[in-house]
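So you can see what is in the structure, the chains are spelled out below.
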Amino acid sequence: MILLDHVTKIYPGDKKPALDDVSLHIEPNEFVFLVGKSGAGKSTLMKMITKEENPDVGKIIIGGIDLDYVRRRHIPHYRRRLGVVFQDFKLLPRRTVYENVAFALEIAGMSSREIRRTVPKVLDLVDLSDQAHKFPAQLSGGQQQRVSIARSVARQPKILIADEPTGNLDKLTRAEIISLLQKINDFGTTVLVTTHDEAIVNNLNKRVVTLKNGKIVADQKEHGIYRLDEEKIPTSPSPASEIKINTKPIVSSAKSRSPKKEKK
Amino acid sequence: MPSATKKVTKKHLKTLTKNSKRKSFRNVSRIVKYGTINFGRNIWLSTAATLVMTLTLIVLSITLVATLVLSETADAMKNRIDITLFFKPETSAETLEELKNTMLADSNVKSAEVKTSEEEYQNFLQENADNSLLIETLEDPEMNMRETMISTMQSTMRLKVYDPDNLDSIKNIVASDLLFVKNLDTTEEPTYDVNSSEIATITRWAKIAKTGGLVLSIVFLVISVLVIFNTIRMAIFSRREEIYMMKLVGADRGFIRGPFLVEAQLSGVVSGLLSFGLAYAGFRFLEPRLANYGISVATVSNILDSNKIVYVVLTMILAGMLIGTISARLAVHKYMRSATK
């Protein structure tokens, strides 16, 4: 579902790569935590998936789409297939909860009738039906994040990526949000979550990918725990070999960029 | 890249853009909706932009009307004047015909009319038809006045010209053509200069109105483009967070930029209507006063009285929308990307 193959990214002006030869394969319907200190490359990885940034080397294939082939005018269409959740919610401040969710469907060109049918369902899913006509500023942080999740799943994306979704929330609401993400994962959506939150990661026993200095230093397939010190991690099979098995059948010439390189 | 992945990617890209026609209509109506909402939300900025644009359109229409009215007035006055050449009384009708043809060959001559001295005499009689004493005296066979009159009255040629400012070619014919030199009555100068100073004044005013108005229009055009440009720029900056969010949830270019264009075009429509209303009222107010001064307002009032008024309104609205679109496009083009990076 999400495949990064030997991806390297160096931001202009930096000597050290933000991502250094990263290979990662996430299967459909997986729930994966991406952990690491700030500056480890989590955000860069997320931006690669949303195609805000392009890799310098390597290939990214998301849900069967080779991102090299997604031209700039296709990017909006591509993004509509992703659900994206942010730490700071990124809701439209002058629109109500209902309108925020409806907006994501409007830009996808859904008919008004379908929108009227879909939005209440989604708001029901995140348990915000009674807040539909409030503005974001009138809601608590947890509620705002639930609106943002509702917006991102309204189009029923196959993939949901969440960048520090619990970063601005208190302990109780964090658990709430995570269980909501789990619920979405149970419906069949692949979920990728970056987080700092040790407790959440350790309680959930999901796959945990640890980034450090732009490299994947650990990939615990199950019962992953949050440890940034890689030596203490009880390693499951070596991440590198695991990835090679997964990528080989799909991508043969890994490091060559596609000829139709996007114009910058 | 293996062809399998390539195929899958291509298939996906196709489905991504499928059904785009029905969707695009939906999108356009949504873009218009959001543009209208934004116009209302930024009502103060929108008002400023609209007013400047209105001013521009008014200056433009004043220029247009003034140029039209003044040049028409000048034309009317040019038509009224003629140049008269005087020939010796004994010049025969055939010679006059020949002289006329020589004159008509000149490209500046619109028409020429010749009268022999006898015809001139008849004309004189007609003009004084109510003076019976004079006519009786002249026509008295015993006094033989008639013959005397005809033998002293000059034959004439009356010319109408296209360009009264440029009579050199005509003067040249009069001075150098042998037939003219031979037959001209030198006791009376040809009348070249009647009214010409007045016409020159009006022609000059028409030119001033044209160039001055053009310059002023351009100045105002630039100002209004700048104001709208800045309005949109400010709107982009104040909404850059929002624009970034829209991009991330997959809004495409048109959906993000469209509302800004709609906003500026709305300003254009409002100012088109407003400026037409003001210009119309102004013209109607001045119309009788101008007519009193002998200025021809007929063409303009005819347009305003006929169905053509619809085109005038539409043109002004379109002009407003054009100004709005151009300036908004400039601003969006220049700032959209940098604002959201």
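**Side note on the overall build of chain A**
The helix and strand tally for chain A stands at eight helices and ten strands. Within the span of chain A, comprising 264 residues, buried residues form 56% of the whole. Only carbon and sulfur atoms are counted for the fraction: they give 50% of the accessible area of chain A, which is about 11900 Å².

**Topic: the pairing of strand β9 (residues 207-212) of chain A**
Residues and elements named next belong to chain A. Most of β9 is tucked away, with five of its six residues classed as buried. Sheet topology places β9 next to strand β10 (residues 215-220); five bridges connect them, and they run antiparallel. What sits directly across from K212, in β10, is K215.

**Points about the confidence of the model for chain A**
In this model, chain A carries an average pLDDT of 83, and 85% of its residues clear a pLDDT of 70 or more. Counting interchain partners and residues more than four positions distant, the pLDDT-below-50 stretch residues 233-264 of chain A has 56 contacts.

**A short note on the packing of helix α5 (residues 141-153) of chain A against helix α6 (residues 171-186) of chain A**
Residue and element names in this part refer to chain A. Between α5 and α6, the least distance of the axes is 10 Å, while the angle of their chain directions is 15°. Considering the angle they form, α5 stands roughly parallel to α6. Classified by chirality, the crossing of α6 by α5 is right-handed. Taken together, the residues of α6 that come into contact with α5 (itself represented by G142, Q145, R146, I149 and V153) are T173, E176, I177, L180, L181 and I184.

**Let's talk about the confidence of the model for chain B**
Per-residue pLDDT for chain B averages 81, and the proportion of residues at 70 or more is 89%. Confidence, expressed as mean pLDDT per element, reaches its minimum in chain B at helix α1 (residues 3-16) of chain B with 63 and its maximum at helix α12 (residues 253-292) of chain B with 89.

**Focus on the nonpolar core**
With 39 residues, the main nonpolar core has F33(A), L123(A), I149(A) and L181(A) as its most contacted residues. Considering each element in turn, this core owes the most residues, five residues, to α6(A). In this view, L181(A) contacts F31(A), I149(A), L160(A), A162(A), P165(A), V191(A) and V193(A); residues no more than four positions away in its chain are not counted. Counting residues in hydrophobic clusters, the runner-up holds 34 residues, among them F103(A), Y34(B), M53(B) and I236(B).

**Focus on unusual backbone geometry**
Excluding glycine, most residues fall at negative phi; most peptide bonds, likewise, are trans. The phi dihedral of H6(A) falls on the positive side, at around 50°, and the residue is not glycine. Of note, H6(A) is situated in strand β1 (residues 2-9).

**Regarding the side chain of S224(B)**
Position of S224(B) among the secondary structure elements: in helix α10 (residues 196-238). Apart from residues lying up to four places away in sequence, S224(B) is in contact with V52(B), M53(B), T56(B) and I323(B).

**Here's the deal with the side chain of S217(B)**
All names here are of chain B. Along the chain, S217 turns up in helix α10. Owing to a relative accessible area of 4%, S217 belongs among the buried residues under this scheme. Of note is the side chain of S217, whose polar atom sits 3.4 Å from the side chain of T63. For S217, the contacting residues outside a window of four places in its chain are T56, V59, L60 and T63.

**Things to note about a positive patch on the surface**
A cluster of basic side chains, namely R72(A), R253(B), R329(B) and R337(B), defines a positive patch on the protein surface. You can see R72(A) is positioned in the loop between β5 (65-66) and α2 (75-79).

**Structural notes on the sheet that holds strand β1 (residues 83-87) of chain B**
All names here are of chain B. With antiparallel pairing, three strands are arranged side by side in an open sheet as β1-β3-β2. Two strands close off the open sheet at either side, each with one partner strand: β1 and β2 (109-115). Taken over all neighbouring pairs, the strand axes of this sheet differ in orientation by 20° on average, direction set aside. Both β1 and strand β3 (residues 155-161) contribute to a ladder of five bridges, which runs antiparallel. What sits directly across from F86, in β3, is T156. Relative to β2, helix α5 (residues 117-127) is tilted by about 85°, and along the sheet it contacts β2 and β3.

**Examining a nonpolar patch on the surface**
Residues and elements named next belong to chain B. A contiguous nonpolar surface patch, about 370 Å² in accessible area, is contributed by L214, I218, V222 and L226. With respect to the helices and strands, the residue V222 is situated in helix α10. Of the residues examined, V222 reaches a relative accessible area of 46% and is grouped as partly exposed.

**Thoughts on the sheet that holds β5(A)**
All names here are of chain A. The strand order β2-β1-β4-β5 describes an open sheet built from four strands, whose pairing is antiparallel. Strands with a single pairing partner mark the edges of an open sheet, and in this sheet they are β2 (19-26) and β5. Sheet analysis places β1 next to β2, joined by five bridges and oriented antiparallel. If you follow L3 over to β2, its bridge partner there is H25. Strands β1, β2 and β4 (57-62) of the sheet are contacted by helix α1 (residues 42-49), whose axis makes an angle of about 120° with β1.

**As for the pattern of salt bridges**
Enumeration according to the criterion identifies 20 salt bridges over all chains in this entry. Note that K9(A) and E53(A) form a salt bridge whose closest N and O atoms lie 3.6 Å from each other. In this pair, K9(A) sits in strand β1 while E53(A) sits in the loop between α1 and β4, placing the two residues 44 residues apart along the sequence. When the shortest N-O distance is used, the salt bridge between K100(B) and E97(B) registers 3.9 Å. Taken together, the residues span about one helical turn, with K100(B) and E97(B) both in helix α4 (residues 93-104) at a distance of three residues. A cluster of three or more residues bridged by salt bridges with shared partners is formed by E30(A), R207(A), D219(A) and K221(A).

Reading guide: rules and limits
Residues numbered from 1 in each chain as written. Chains lettered and ligands numbered in written order. Predicted model: local features only at pLDDT ≥ 70, side-chain atom pairs only at ≥ 80, totals over all residues. Heavy atoms only, no water. Helix = DSSP H or I, 4+ residues; strand = E, 2+ residues; numbered from the N terminus. Buried < 20%, exposed > 50% of the residue type's maximum accessible area, 1.4 Å probe, protein only. Areas by Shrake-Rupley, 256 points an atom, 1.4 Å probe, with all protein chains shown as cover. Pairing = 2+ DSSP bridges. pLDDT = per-residue confidence, 0-100. Contact = heavy atoms within 4.5 Å. Axes fitted to C-alpha atoms, helices over the stretch in contact; angles between N-to-C directions. Parallel < 35°, antiparallel > 145°, perpendicular 65-115°, else oblique. Left-handed = near helix turned anticlockwise from the far one by under 90°. Core = buried A, V, L, I, M, F, W, Y, C linked by side-chain atoms within 4.5 Å. Polar contact = N/O pair within 3.5 Å; in protein donor to acceptor, adjacent residues only side chain to side chain. Patch = residues over 30% accessible without salt bridge, like charges linked within 9 Å, V, L, I, M, F, W, Y side chains within 5 Å. Salt bridge = Lys/Arg side-chain N within 4 Å of Asp/Glu carboxyl O. Lys, Arg positive; Asp, Glu negative; His and termini not counted. Charge placed at Lys NZ, Arg CZ, Asp CG, Glu CD.

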